[in-house]
Amino acid sequence: MMIERIPTIHEAHQLLVSKQLSSVELTEAVLARIQAVEPRVKAFVSVTEETALQQAILADKRIAKGEARPLTGIPAVMKDLLCTKGIRTTCSSKMLDNYVPPFDATVIEKLYAEGMVLVGKANMDEFGMGSSTENSAFFPTHNPWNIEYVPGGSSGGSAAAVAAGEGLYALGSDTGGSIRQPAGFCSVIGLKPTYGRVSRYGLIAFASSLDQIGPLTQDVEDAAIVLSAIAGHDSRDSTSVKLRVPDYTQSIGKDIKGMRIGVPKEYFVEGMQPEVKQAIVSALTVLEGLGAHIDFDISLPNTACALAVYYIISPSEASANLARFDGVRYGFSYTDTDSMWEALEKTRQFGFGPEVKRRIMLGTYTLSAGYYDAYYLKAQKVRTLIRNEFEEAFNKYDVLVTPTCPTVPFKIGERVDDLLSMYLTDVCTLPISIAGVPAISVPAGFAGGLPIGLQVIAKPFAEETILRVAHAYEQATDWHKQKPLL
Ligand code: GLN
């Protein structure tokens, strides 16, 4: 079968089980697409062509035996901080340039069990620190909608790959917005599950109390399929919860009549791009037309503190997590010296990029004796206030709706020297991470040919509600059907 357009997961599954298409054909089409567009997009740190084709052959055998699962034989892309046995896993850092993990992350294990075809590892901001994928130690990734623009970050490679058809879906990780913001910037779906919904075992840690793995897909139904496959308790991650994993695809296609939607005013921040605001207002009109009750009269006053809280808590945790990179155990090692201390110092000096070093210094400072109470402990208290505020809001509303980002993507290079404006791209996603609640970004329009994302947020473990609202909105619009020309 000739493949004219890279299909969604659910479309491909139908074609595979009805024998109109084989996984080998589908994988070859994706690999050809990678070859054609990758020089411009640069979404991948590694392309695993050979093993992908072997996996596709195995998947075809499984399909022939009538044992296909929804993800069997489907080509996927994994952010390069998910450990893959035998496949280089770099975190887009010089520190892990030569690191080949001896084990698979739990999510990778689960997807292999489903019959995943892994086509490659996606570029990212080094250790997940950034909002544009410009902090990769290797090269920046380009936005498929306009290659002069950033794809967002830190899961920019994952989002760009899905938008460009270089994989049917991807996994990313989100600490303060790194799945949702790039999804918004690339006009794909990005779902950050509730903290604890998906095992973090084998995810190279940035900030352990915030990190969460989730899918980036072409439509909402696909996000439901992938989440169903990766969610669940894991004895190797003590923060993963022992809750039943629903079949998330059951939320697809249900109406949203009578649902209560709150629109917190703090998310319409100063400096927000007028076209983004307009797109969100139009989206709310669509949701209202579908029978939801929209309430604009809601305020979450602590939203303004989320950025400050995030830039204390996440660097603190990062400074502890990244202490393990010492050149002794694994990864980059500076050996041109006889002094142990010099080796340690130079390993970290040359192994880490500037943003990572900045966060380690910040975190070391906020955790140091004398400052711990004033910064770290205070931030933890404000975190509780933010969480309580969300909890209260969800007593009244089924979901909250906000923009994913106050602006459309910016040009590559435009914000690298202006840290605060870079950090501000996450104002709408950070509070959700601080509160640990789930949220999704859905395509909601374009301004000047660049994508706009709509964020839907719900209470802990209400991913079903999020998917239901996002799907209803998606089906009433056709933003997700538009593809970049490249
Ligand atoms: N952009 C934010 C940061 O730089 C969030 C990153 C993330 O979610 N991993 O920390």
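Residues numbered from 1 in each chain as written. Predicted model: local features only at pLDDT ≥ 70, side-chain atom pairs only at ≥ 80, totals over all residues. Heavy atoms only, no water.

Would you take a moment to explain the pattern of salt bridges for this structure?
Two side chains of opposite charge can pair, provided their charged atoms sit close to one another. This model, assessed by the stated rule, comprises 14 salt bridges. A salt bridge links D174 to R180; the nearest nitrogen and oxygen atoms lie 2.9 Å apart. R180 shares its class with D174; the two are buried. For R200, the salt bridge goes to D237, with nearest N and O atoms at 3.7 Å. (Salt bridge = Lys/Arg side-chain N within 4 Å of Asp/Glu carboxyl O. Buried < 20%, exposed > 50% of the residue type's maximum accessible area, 1.4 Å probe, protein only.)

Explanation requested: the site of the ligand in the structure shown.
Around the ligand, the surrounding shell holds 15 residues, and the nearest of these are T175, G176, S178, Y310 and D426. Between the ligand and S131, the relevant distance is 2.8 Å, taken from a nitrogen atom to a side-chain nitrogen or oxygen of the residue. At 2.7 Å from an oxygen atom of the ligand is found a side-chain nitrogen or oxygen belonging to S178. If the ligand stood free it would expose 290 Å²; the protein chains cover 99% of that surface. In this structure the site holding the ligand corresponds to the largest cavity. Among the residues making up the shell around the ligand, the classes are represented as four nonpolar, eight polar and three charged. (Near = heavy atom within 4 Å. Polar contact = N/O pair within 3.5 Å; in protein donor to acceptor, adjacent residues only side chain to side chain. Areas by Shrake-Rupley, 256 points an atom, 1.4 Å probe, with all protein chains shown as cover. 1 Å grid on protein atoms, 1.4 Å probe; cavity = no way out; pocket = protein on both sides within 12 Å on 5 of 7 lines; lining within 4 Å. Sits in = over half its atoms within 2 Å of the grid points. Nonpolar A, V, L, I, M, F, W, Y, C, P; charged D, E, K, R; others polar.)

For this particular structure, what's the right way to read the packing of aromatic side chains?
We describe a pair of aromatic rings using the distance from one ring centre to the other and the angle between the two ring planes. For the structure on display, the rule yields 17 aromatic pairs. Of the aromatic side chains, those joined through ring pairs into one cluster are Y99, F127, F325, Y330 and F352. Lying over the aromatic face of F139, K42 brings its terminal NZ or CZ to 4.7 Å of the ring centre. The ring of F138 carries R88 above its face, with NZ or CZ at 5.6 Å from the centroid. (Phe/Tyr/Trp six-rings, centres within 6.5 Å; stacked < 30°, edge-to-face > 60°. Lys NZ or Arg CZ within 6 Å of the ring centre and 35° of its normal.)

How should I be thinking about the state of the cysteines in this particular structure?
Two cysteines, two sulfur atoms, one covalent bond between them: this is a disulfide. Enumeration according to the criterion identifies zero disulfides in this entry. Not engaged in a disulfide, the cysteine C83 finds its nearest cysteine sulfur in C91; these two sulfurs lie 8.1 Å apart. The thiol sulfur of C428 is not disulfide-bonded, and the nearest other cysteine sulfur, from C405, lies at 6.7 Å. (Disulfide = S-S within 2.5 Å.)

How should empty space enclosed by the protein be read in this particular structure?
Applying the stated criterion across every chain yields a total of three cavities of 30 Å³ or more. The calculated volume of the largest cavity comes to roughly 70 Å³. Along the wall of the largest cavity there are 13 residues; nearest its centre are G130, G176, S178, Y310 and D426. Counted by class, the lining of the largest cavity contains four nonpolar, seven polar and two charged residues. (Points joined across faces, edges and corners; volume = space filled by probe spheres on them.)

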